[in-house]
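So you can see what is in the structure, the chains are spelled out below.
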Amino acid sequence: MSAPTVHWETRLFSDPTATPAPASGRGWEAPTYAGIDDQLTDARSRLDRVSARGAYQEVLYGRGVLVDIRPVTQRAFEGEVAAPLGPLAVERNVLEWRFDPRHEARLPIAAYDTRVLVLCQEGFTSSLAADALLRLGIRRATDVVGGFRAWREAGLPVAG
C-alpha cells in the first residue's frame, strides 16, 4: 500500500513550513489569541469607542454614519434605530466589502475618512467589526459601547 496523497491545499493550511511566511505579517506570523476575550481586548485597544448618546449626537449632527450589523431577524425582533437618523443596515458578513473604498461592492459613502459607528446588539461583535474596518484603512471607524441594547435603554429613538 502506498502512503495517502496529501493535497497541497491541506499541507498549506496545516504546515507552517509548507511555504515561506510573507514579510507583511500575514499567514503564520499573524497574531494568535488566548481566547475570544483576548482578541476582543486587542481589537478594543485600537478603538476610541463611543457611548450610545455620543453616537446619537454624532449621527444627529451629521458627523458620522451609524451602521447596524445585526442580522435582519434580530433587527426585526429587537427593533432598530429610528429611520430619520439614517442608520445603514449592513450585515456583518459583508461589512468589509461595503466599506472598502477599493472594492467594487463598496457603498457610495465608503471612504478612508468616513466616520463609521458600528452597532451590534450588545457591543461585542461591533468591536471586532470596527477593528476590521480600521485594518482596511477606515481610520475613523469605531463602535457603540453596549450596542443597540444601550441605545434603547438610553431612551434614544427606535423603531419596532
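Each remark here, short or long, concerns the structure printed above.
Here the structure is a predicted model, which is why all the values come from computation and not from measurement.

### Some remarks on the overall build of the protein chain
Inference 1: A tally of regular secondary structure across the protein chain gives seven helices and six strands.
Inference 2: Helices and strands appear in the protein chain in the N-to-C order α-α-α-β-α-β-β-α-β-α-β-α-β.
Inference 3: Restricting the contact set of the protein chain to residue pairs at least 6 apart, pairs at least 24 apart contribute 65%.
Inference 4: Accessible surface, the protein chain: about 9600 Å² in total, of which carbon and sulfur atoms supply 55%.

### Here we look at the packing of aromatic side chains
Inference 1: With the rule as written, the count across this model stands at one aromatic pair.
Inference 2: Ring centres 6.0 Å apart and planes at 80° place the aromatic pair Tyr56 and Trp151 in the edge-to-face group. Of the two residues, Tyr56 sits in helix α3 (residues 52-60) while Trp151 sits in helix α7 (residues 147-153), which places them 95 residues apart along the sequence. The same class applies to Tyr56 as to Trp151, namely buried.

### Topic: the pairing of strand β1 (residues 65-68)
Moving residue by residue along a regular strand, the side chains alternate between the two faces of the sheet.
Inference 1: Side-chain alternation along β1 places Val65 and Val67 on one buried face and Leu66 and Asp68 on a second face that is also buried.
Inference 2: Strand direction decides the pairing type here: β1 and strand β3 (residues 88-89), joined by two bridges, are parallel. Residue Asp68 lies in a different strand from β3, and its bridge partner there is Ala89.

### Some remarks on the pattern of salt bridges
Inference 1: For the structure on display, the rule yields eleven salt bridges.
Inference 2: Of the charged contacts, one joins Glu80 and Arg75 as a salt bridge, the two residues approaching to 3.5 Å between their closest N and O atoms.
Inference 3: By relative accessible area, Glu80 is classed as partly exposed at 33%.
Inference 4: Note on Arg75: relative accessible area 10%, which makes it buried.
Inference 5: A salt bridge links Arg102 to Asp100; the shortest N-O distance between them is 2.8 Å.
Inference 6: Given the relative accessible area of 12%, Asp100 is considered buried.

About the criteria used
Residues numbered from 1 in each chain as written. Predicted model: local features only at pLDDT ≥ 70, side-chain atom pairs only at ≥ 80, totals over all residues. Heavy atoms only, no water. Helix = DSSP H or I, 4+ residues; strand = E, 2+ residues; numbered from the N terminus. Contact = heavy atoms within 4.5 Å. Areas by Shrake-Rupley, 256 points an atom, 1.4 Å probe, with all protein chains shown as cover. Phe/Tyr/Trp six-rings, centres within 6.5 Å; stacked < 30°, edge-to-face > 60°. Buried < 20%, exposed > 50% of the residue type's maximum accessible area, 1.4 Å probe, protein only. Pairing = 2+ DSSP bridges. Salt bridge = Lys/Arg side-chain N within 4 Å of Asp/Glu carboxyl O.

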